[in-house]
Amino acid sequence: MANQPDLNNILSVPPGVMILSSKDCPSQNRLILDVDFLPEEQFCPRCGSRRCSIKGTWKPQTIRHLPSGGRSVFIRYTPQRFMCADCSAAFKESVSWIHPGLQMTNALFTEIFLRLTENVSIRALADQEHVTPCVVKDVLDLSAAGRPAELPVVLCIFDFRAQTGTWDSDLHHWNTYTYLCGIADGTTGVLLDILPRTNMACLADYFSSYTVRQLSRVRLVICGMNGSFISVSRKFFPSAVTGIEPCCMSSRLNAAMDRIRTRTLSDPAMWESGQSVEYQLFLRETARFLRIRPSSGEIPVPQNANAQDRLARVLEVFPDISEMYTLLVEFSTIIASDWSGNVRQDPNRWLERASSSAAPEIRDAASTIRHWREYILNGLEFRDHCICCMELMVAIRTFMRMAGCPRSFEDMRNRLLLICGTVHPASPSGCGRGFHPACGGEA
């Protein structure tokens, strides 16, 4: 057996703790350490007095510790029983290296908490730390935070798809939410809160909890192409400028292009030609070049001559696809242009050409964009803040792709606030919001 200092370092035993004996349990894949530790000054939990004396011992306690060598490690100790000389209250000895709310050391709590900020599922994290998922869930529940104390100057409201929900104990089934609503700071890209619904009632109930002074602090609202978001902005932030994210328009145009491609592939006239199979292959291989990237507003360009030739043939044979591709290129130029002077006329000319198109898919997309034109122009003018919101949505999708979507909405909210928000371990004994003025923390 290794000597005392080496064993303490190997097992990451807290300072001041002495290992008396160890018991290996191979069948349970765990190691149990019997320890003793240096006494600490005690305070009465009822009155706060320091006049406390030992009145015996408490029953032995077993807590979890950091895993070692692929095994779970448990620390077993016998705390002292104290009694306050002022109020006669009896209490168990408190130890600084043990989490006050969970049966684990602060080292294990911090390790699990920091791992929760990574894109890993709760089940995978529990297996890696050799604990049960319930232990990880307990740590996650302690990180739950309320709504931010203040709203930011630039407020982002967006929705994203997530199959999560809440458990109905009366009906014994899950109430699933298809889309969740995110509230973020458009200046820093920090996630502030997540709501279970994207409708007007849920948003109105959320923002009604703020005072008029707090609501008036918002000067710019960046949101998705959702009528509820626009209505909330008009009602609660009448003096703020409201803009729609350019990525919403890019997604709408991509959907129009997909419908045109689908209609072209199912057109009987193409099947009557002798090259129908070849053109179907061309349409599928060039699909990624017929889209605009919502994150950057750019259109992918084929790098090799073969792909360029196939794209040119597709644009030559199918006029509707060629027209939509031209509009995508022009719209990408509008997004990338410097919004100053008379550049605001470009979307109007673009809309005129799109509205006069013979393709119904293009006219529908142009009609939608014309309906939200005022807010779209504001979004293009303040697209720097839209980029922060877009990066946040990319981080959320990355988390759901790598860690999966938690079934519980509260777990989903807490995980995303840990990864993309401002929830940080304020101390080994708990968690709290901090490091951002919008969340009521330290600047």
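Residues numbered from 1 in each chain as written. Predicted model: local features only at pLDDT ≥ 70, side-chain atom pairs only at ≥ 80, totals over all residues. Heavy atoms only, no water.

1. A look at the sheet that holds strand E12 (residues 241-244)
Thinking step 1. With mixed pairing, five strands are arranged side by side in an open sheet as E10-E9-E8-E11-E12. Two strands in the sheet have a free side with no partner beyond their single neighbour: strand E10 (191-195) and E12. When strand polarity is set aside, the average angle formed by the axes of neighbouring strands in this sheet is 30 degrees.
Thinking step 2. Where helix H17 (residues 409-420) meets the sheet, it contacts strand E8 (154-168), strand E9 (173-185) and E10, and its direction lies at approximately 170 degrees from that of E10. (Pairing = 2+ DSSP bridges. Helix = DSSP H or I, 4+ residues; strand = E, 2+ residues; numbered from the N terminus. Axes fitted to C-alpha atoms, helices over the stretch in contact; angles between N-to-C directions. Contact = heavy atoms within 4.5 Å.)

2. Structural notes on helix H4 (residues 133-142)
Thinking step 1. Within H4, the full set of buried residues consists of Val135, Val136, Val139 and Leu140. The arc that holds the buried residues of H4, viewed along the axis, is 140 degrees, so those residues lie on one side.
Thinking step 2. Among the structural elements, strand E4 (61-68), helix H2 (106-116), helix H3 (122-128) and H17 are those in contact with the buried residues of H4. (Buried < 20%, exposed > 50% of the residue type's maximum accessible area, 1.4 Å probe, protein only. Arc of directions from axis to C-beta.)

3. So, the layout of surface pockets
Thinking step 1. By volume, the largest pocket is sized at about 410 Å³.
Thinking step 2. Every residue lining the largest pocket is counted, 18 residues in all, and those nearest its centre are Asp159, Phe160, Cys248, Ser251 and Met393.
Thinking step 3. In the lining of the largest pocket, the residues fall into ten nonpolar, three polar and five charged. (1 Å grid on protein atoms, 1.4 Å probe; cavity = no way out; pocket = protein on both sides within 12 Å on 5 of 7 lines; lining within 4 Å. Points joined across faces, edges and corners; volume = space filled by probe spheres on them. Nonpolar A, V, L, I, M, F, W, Y, C, P; charged D, E, K, R; others polar.)

4. Digging into the confidence of the model for the chain
Thinking step 1. For the chain, the mean per-residue pLDDT works out to 84, and 90% of the residues sit at or above 70.
Thinking step 2. Contacts for the low-pLDDT stretch residues 424-443, under 50 throughout, to residues beyond four places or in other chains number 58 contacts. (pLDDT = per-residue confidence, 0-100.)

5. Points about H17
Thinking step 1. The terminal C-alpha atoms of H17 lie 16 Å apart, and with twelve residues this matches the ideal 16 Å at 1.5 Å per residue to within 8%.
Thinking step 2. With ten of its twelve residues buried, H17 lies for the most part within the structure.
Thinking step 3. Within H17 the residues assigned to the buried category are Phe409, Asp411, Met412, Arg413, Asn414, Arg415, Leu416, Leu417, Leu418 and Cys420.
Thinking step 4. Residue Ser408 occupies the N-cap position of H17, its side-chain oxygen lying 3.4 Å from the main-chain nitrogen of Glu410. (Expected span 1.5 Å × (residues − 1). Polar contact = N/O pair within 3.5 Å; in protein donor to acceptor, adjacent residues only side chain to side chain.)

6. Digging into the sheet that holds strand E3 (residues 52-57)
Thinking step 1. Taken together, three strands build an open sheet; the order of strands is E3-E6-E7 and the sheet is antiparallel. A strand with exactly one partner marks an edge of an open sheet, and here the two such strands are E3 and strand E7 (90-92). In this sheet, neighbouring strand axes are inclined to one another by 35 degrees on average, regardless of whether the strands run parallel or antiparallel.
Thinking step 2. Of the strand pairs in this sheet, E3 and strand E6 (residues 80-84) are connected by four bridges, and their pairing is antiparallel.

7. Remarks on the packing of aromatic side chains
Thinking step 1. Scanning all chains against the criterion turns up twelve aromatic pairs.
Thinking step 2. Between Phe82 and Phe91, the ring centres sit 6.0 Å apart and the planes meet at 15 degrees, which makes this aromatic pair stacked. By the burial criterion, Phe82 is buried, and Phe91 matches it.
Thinking step 3. Centre to centre, the rings of Tyr206 and Phe207 are 5.2 Å apart; their planes meet at 85 degrees, and the pair counts as edge-to-face. The residues Tyr206 and Phe207 share a single accessibility class, namely buried.
Thinking step 4. Members of the aromatic cluster, connected to one another through ring pairs, are Tyr206, Phe207, Tyr210, Phe236 and Phe237.
Thinking step 5. Positioned above the aromatic ring of Tyr210 is the side chain of Arg147, whose terminal nitrogen or guanidinium carbon lies 4.3 Å from the ring centre. (Phe/Tyr/Trp six-rings, centres within 6.5 Å; stacked < 30°, edge-to-face > 60°. Lys NZ or Arg CZ within 6 Å of the ring centre and 35° of its normal.)

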